[in-house]
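Fold and contact review
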Amino acid sequence: MQNTKLLLTSFTFVGLLALAGCSFPGVYKIDIQQGNVVTQDMIDQLRPGMTRPQVRFIMGNPLLADTFHANRWDYLYSLQPGGGERQQERVSVIFDSNDRLASLSGDFMPGVSRDEAILGKDSGTSVTAPAENAEQPKPEKPAKPGSLLDQIQKDVDGVETVPVPTPEPLDTSPQ
């Protein structure tokens, strides 16, 4: 009786420890990514009238190519950060009867990419010249003779360019 009580208490204690370890704070949980990574820059490269191989080159293979809708490719991407909420993005690419890109639908739409928004290209913003009182960059000082930088510069300046040999085409005529 005493052994059974001790055994039951031990199993209960071990079970509680195992259960507590599953939700213990500080335990690393990995990020789970699934599907095709689709960026706004990829969407911005798509143009109406592109062929299927051109779209595949830009976007990659579709995650879903429906047999019942042969003119539609679906790209899905989901990310669940460790212990966080799942985020999902979807893009459908639709082709016309001539296998040309007709339209897009989903979470991404053609527009200004993040890179262009940051750099200011195609956004109607203009770049102004720096003010007169702004600090000018200092010119580089030449390397001291005999120093390592001087030796590297001499090596770079002394490099001779060698043309790359081009192979001759194979003779495909029958003999």
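Just so it is clear, the structure is predicted and the values come from calculations on it, not from any experiment. Here, residues in each chain are numbered from 1, in the same order as that chain's written sequence. In keeping with the predicted nature of the model, local features appear solely for residues at pLDDT of at least 70, side-chain atom pairs appear and are counted solely at 80 or more, and the whole-chain, interface and lining totals rest on all residues. Water and hydrogen atoms were dropped before computing side-chain values, which therefore reflect all heavy atoms in the structure.

**As for a nonpolar patch on the surface**
A contiguous nonpolar patch, built from L148, L149, I152 and V156 and spanning about 430 Å² of accessible area, is present on the exposed surface. The secondary structure listing takes helices from DSSP runs of H or I that are at least 4 residues long and strands from runs of E that are at least 2 residues long, numbered from the N terminus. Structurally, L148 is set in helix α5 (residues 148-157). Within the patch definition used here, like charges are joined within 9 Å and nonpolar side chains (Val, Leu, Ile, Met, Phe, Trp, Tyr) within 5 Å, considering only residues with over 30% relative accessible area and no salt bridge. In these tables, accessible area is a Shrake-Rupley quantity obtained with a 1.4 Å probe, and a residue counts as shielded only by the protein chains included in the view. Salt bridge, as used here, is a side-chain nitrogen of Lys or Arg placed within 4 Å of a carboxyl oxygen of Asp or Glu.

**A short note on the packing of aromatic side chains**
Between 30 and 60 degrees the pair is tilted, below 30 it is stacked and above 60 it is edge-to-face, where a pair is any two Phe, Tyr or Trp rings, Trp via its six-membered ring, whose centres lie within 6.5 Å. Tallied over the entire structure, the rule returns one aromatic pair. Measuring from centroid to centroid gives 4.9 Å for W73 and F95, while their planes differ by 75°, and the two rings are edge-to-face. Taken together, the positions of W73 in strand β3 (residues 72-80) and F95 in strand β4 (residues 87-95) put the pair 22 residues apart, joining distant regions of the chain. Note on accessibility: W73 and F95 belong to one class, buried. Should the NZ of a Lys or the CZ of an Arg lie within 6 Å of a ring centre and within 35 degrees of the ring normal, that charge is described as sitting over the ring. One residue, R52, lies across the ring of F95, its end atom 4.4 Å from the ring centre. Categorising residues by exposure relies on relative accessible area from a 1.4 Å probe, with only protein chains included: less than 20% of the type maximum marks a residue as buried, more than 50% marks it as exposed, and the intermediate range marks it as partly exposed.

**Looking at the environment of W73**
Residue class for W73 comes out buried when judged on its relative accessible area of 4%. The spacing of W73 and R56 is 17 residues in sequence and 9.9 Å in space, taken between C-alpha atoms. In contact with W73, not counting residues within four places along its chain, are R52, V55, R56, P62, L64, A65, V91, S92, V93 and F95. Here a residue-residue contact requires only that any non-hydrogen atoms of the pair lie within 4.5 Å.

**Observations regarding the side chain of R52**
With respect to the helices and strands, the residue R52 is situated in helix α3 (residues 52-59). We classify R52 as buried; its relative accessible area is 16%. Within the local environment of R52, its side chain forms a polar contact with the side chain of N71, the two groups lying 3.2 Å apart. Two N or O atoms form a polar contact when they lie within 3.5 Å of each other; inside protein one atom must be a possible hydrogen donor and the other a possible acceptor, and for residues adjacent in sequence the pair counts only when both atoms belong to side chains. Within the local environment of R52, its side chain forms a polar contact with the side chain of D99, the two groups lying 2.9 Å apart. Ignoring any residue separated from it by four or fewer positions in sequence, one finds R52 in contact with A70, N71, W73, F95 and D99.

**Quick notes on the confidence of the model for the protein**
As a general rule, the predicted coordinates of low-pLDDT regions are not to be interpreted in detail. Scored from 0 to 100, pLDDT records how confident the predictor is in each individual residue. On average, the protein scores 77 in pLDDT, and the residues at 70 or more come to 75%. Confidence scores differ between elements of the protein, with helix α4 (residues 114-119) showing the lowest mean pLDDT of 57 and α3 the highest of 92. Note on residues 123-130: pLDDT under 50 across the span, and one contact to partners over four residues away in sequence or across chains.

**Regarding the pattern of salt bridges**
In this structure the tally under the stated criterion is three salt bridges. One salt bridge in this structure joins R52 and D99, with 2.9 Å as the shortest N-O distance. One end of the pair, R52, is in helix α3; the other, D99, is in the loop between β4 and β5 (101-106), with 47 residues separating them in the sequence. The class of D99 is partly exposed, set by a relative accessible area of 37%.

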